Amino acid sequence: MEEFIVDYKSELLATVITIITLFVLKFILSKAIRKVGSVSDLNKARTRLIIKYVSFGLSVIGIVIIIFIWGVNFRELGIIFSSIFAVIGVAIFAQWSILSNVTSGIILYFSFPFKIGDRIRIMDKEIEYEGNYIIEDIRAFNIHLRNDNSELLTYPNNLMLQKGILMVNVTANENLDES
């Protein structure tokens, strides 16, 4: 064991530094995302979801850095990565809408044009109901909307970015209903 430590001293040190750096980055980014979520008054479930995405991304980056530190044979690694990326490429192409919805969910989180409880109208000809919706929940793949008839509509996040959305002023509607 001592021989292993002496032979790979620099690799072990670089690995420990990489892991500590990634943990510090995860901590700082998690704090920043929570701060954005609290300042913007966003749902805590959405905040936790974005933190999971960031943690996953940092883990992947860490694995790649550690692979380079330990000097894995690039020819063998190239064959493995090309096989993995071929499978992932087919899966992403087959599941493009899922990837699109997750990406849209992240964009909606950081741009926060909508909040839970907002009243909106979707400018989509394919939706039969032309009234207003109240946003009940914003998830990774879709948004739950409830109409005035108490019907629940699950609407994909990517369509929230593609279709026109009209923000309806609740007080203006209440005034119109009274007159």
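Higher on the page you've got the structure.
Worth saying up front: this structure is predicted, and the values here are computed from it rather than measured.

Here is what the cut-offs are and how they apply
- Counting of residues starts from 1 at the beginning of each chain's written sequence and follows it residue by residue.
- With pLDDT at 70 or above as the cut-off, local features in this predicted model cover only qualifying residues; side-chain atom pairs require 80 or more to be listed or tallied, and sums for whole chains, interfaces and linings still use all residues.
- To get the side-chain values, all heavy atoms of the structure are used, and hydrogens and water are removed first.
- For our purposes a nonpolar core is just a set of buried Ala, Val, Leu, Ile, Met, Phe, Trp, Tyr and Cys residues, chained together by side-chain atoms within 4.5 Å.
- Burial classification: accessible surface area is computed with a 1.4 Å probe over protein chains only, and a residue below 20% of its type maximum counts as buried, one above 50% as exposed, and the rest as partly exposed.
- For the purposes of this entry, the term helix denotes a DSSP run of H or I that reaches at least four residues, the term strand denotes a run of E that reaches at least two, and both are numbered from the N terminus.
- Any two residues whose heavy atoms approach within 4.5 Å are treated as being in contact.
- Ring pairs shown here join Phe, Tyr and Trp side chains whose ring centres sit within 6.5 Å, with only the six-membered ring taken for Trp; geometry is labelled stacked below 30 degrees between planes, edge-to-face above 60, and tilted in between.
- The convention used is that axes are lines fitted to C-alpha atoms, helices contributing only their stretch in contact, and that angles between N-to-C directions extend from 0 to 180 degrees.
- Small angles under 35 degrees read as roughly parallel and large ones over 145 as roughly antiparallel, with 65 to 115 read as roughly perpendicular and the rest as oblique.
- Each crossing gets its handedness from the near helix: less than a right angle anticlockwise from the far helix is left-handed, clockwise is right-handed.
- Gly falls in the polar group here, along with every residue not listed as nonpolar (Ala, Val, Leu, Ile, Met, Phe, Trp, Tyr, Cys, Pro) or charged (Asp, Glu, Lys, Arg).
- The term salt bridge refers to a side-chain nitrogen of Lys or Arg lying within 4 Å of a carboxyl oxygen of Asp or Glu.
- Expected span of a helix, by definition, is 1.5 Å for each gap between consecutive residues, and there is one gap fewer than residues.
- Patch members must show over 30% relative accessible area and no salt bridge, and they are joined within 9 Å when carrying like charges or within 5 Å when they are nonpolar side chains of Val, Leu, Ile, Met, Phe, Trp or Tyr.
- Per-residue and other accessible areas were derived by the Shrake-Rupley procedure at a 1.4 Å probe size, with only the shown protein chains allowed to occlude residues.
- Only four residue types enter the charge count: Lys and Arg as positive, Asp and Glu as negative, with His and the chain ends excluded.
- Positions of charges follow a simple convention, taking NZ of Lys, CZ of Arg, CG of Asp or CD of Glu.

Novice: Got a minute to help me understand the nonpolar core in this structure?
Specialist: Taken as a class, soluble globular proteins show a tendency for nonpolar side chains to be buried jointly. Grouped together as the largest cluster of nonpolar side chains are twelve residues: Leu108, Phe114, Ile120, Ile122, Ile127, Tyr133, Ile135, Ile138, Ile143, Leu145, Tyr155 and Met160. For this core, the secondary structure elements donating two or more residues are strand 1 (119–123), strand 2 (133–138) and strand 3 (142–147). The greatest single-element share of this core, amounting to three residues, is contributed by strand 2. Excluding residues within four positions of it along the chain, Leu145 makes contact with Ile120, Ile122, Tyr133, Ile134, Ile135, Glu151, Leu152, Leu153 and Tyr155. Listed in part, the five residues of the second largest apolar core include Ile33, Leu42, Ile50 and Tyr109.

Novice: Where do I start with the packing of aromatic side chains in this structure?
Specialist: Two aromatic rings, taken as a pair, are described by how far apart their centres are and by the angle between their planes. Taken as a whole, this structure holds three aromatic pairs when the rule is applied. Arranged with centres 5.0 Å apart and planes meeting at 45°, the rings of Phe4 and Tyr8 form a pair that is tilted. When its relative accessible area of 39% is taken as the criterion, Phe4 is described as partly exposed. With a centroid separation of 6.4 Å and 10° between ring planes, the pair formed by Phe4 and Trp70 is classed as stacked. Of the two residues, Phe4 sits in helix 1 (residues 2–7) while Trp70 sits in the loop between helix 3 (44–69) and helix 4 (74–94), which places them 66 residues apart along the sequence.

Novice: What is the right way to read the environment of Gln162 from this model?
Specialist: Structurally, Gln162 can be placed in helix 6 (residues 157–162). The exposure class assigned to Gln162 is exposed, which follows from its relative accessible area of 57%. Separated by 38 residues in sequence, Gln162 and Asp124 have C-alpha atoms that sit 9.8 Å apart.

Novice: Can you walk me through the packing of helix 2 (residues 9–39) against helix 3 in this structure?
Specialist: Helix-helix packing: each pair is described by the crossing angle between the helix axes and the interaxial distance. As a packed pair, helix 2 and helix 3 sit with axes 10 Å apart at the nearest point and diverge in direction by 165°. Classified by the interaxial angle, the pair formed by helix 2 and helix 3 is roughly antiparallel. The crossing of helix 2 and helix 3 is right-handed. Split into classes, the residues belonging to the contact of helix 2 with helix 3 amount to 13 nonpolar, seven polar and three charged.

Novice: What is the right way to look at the pattern of salt bridges in this model?
Specialist: Oppositely charged side chains can pair when the atoms bearing their charge come close. Enumeration over the complete set of coordinates arrives at four salt bridges. Arg119 is the salt-bridge partner of Asp148, the closest N and O atoms lying 3.2 Å from each other. You can see Asp148 sitting in the loop between strand 3 and strand 4 (152–156) and its partner Arg119 sitting in strand 1, a full 29 residues away along the chain. We classify Asp148 as partly exposed; its relative accessible area is 47%. Linking Arg139 and Asp137 is a salt bridge whose minimum nitrogen-to-oxygen distance equals 2.7 Å.

Novice: Quick question: what am I supposed to make of helix 3 here?
Specialist: An α-helical segment advances 3.6 residues per turn. Residues three or four places apart therefore align on the same side. Here helix 3 contains 26 residues, and its C-alpha end-to-end distance of 37 Å stays within 8% of the 38 Å for a straight helix at 1.5 Å per residue. Within helix 3, the full set of buried residues consists of Arg46, Thr47, Ile50, Ile51, Ser55, Leu58, Gly62 and Ile67. In the segment just after helix 3, Gly71 is the residue with positive phi, at about 65°.

Novice: Before we go on, may I ask you to explain helix 5 (residues 96–111) in this structure?
Specialist: Along its 16 residues, helix 5 runs 22 Å from first to last C-alpha, staying within 8% of the 22 Å computed at 1.5 Å per residue. Inspection of helix 5 places Ser100, Asn101, Val102, Ser104, Gly105, Leu108 and Tyr109 among the buried residues, and these make up the whole buried set. The inward-facing, buried residues of helix 5 abut helix 2, helix 3, strand 3, strand 4 and helix 6.

Novice: When you look at a positive patch on the surface in this model, what are you seeing that I'm missing?
Specialist: Together, Lys26, Lys31, Arg34, Lys44, Arg48 and Lys52 give the surface a local cluster of positive charge. Elements that contribute at least two residues to the positive patch include exactly helix 2 and helix 3. With respect to the element layout, Lys52 can be found in helix 3.

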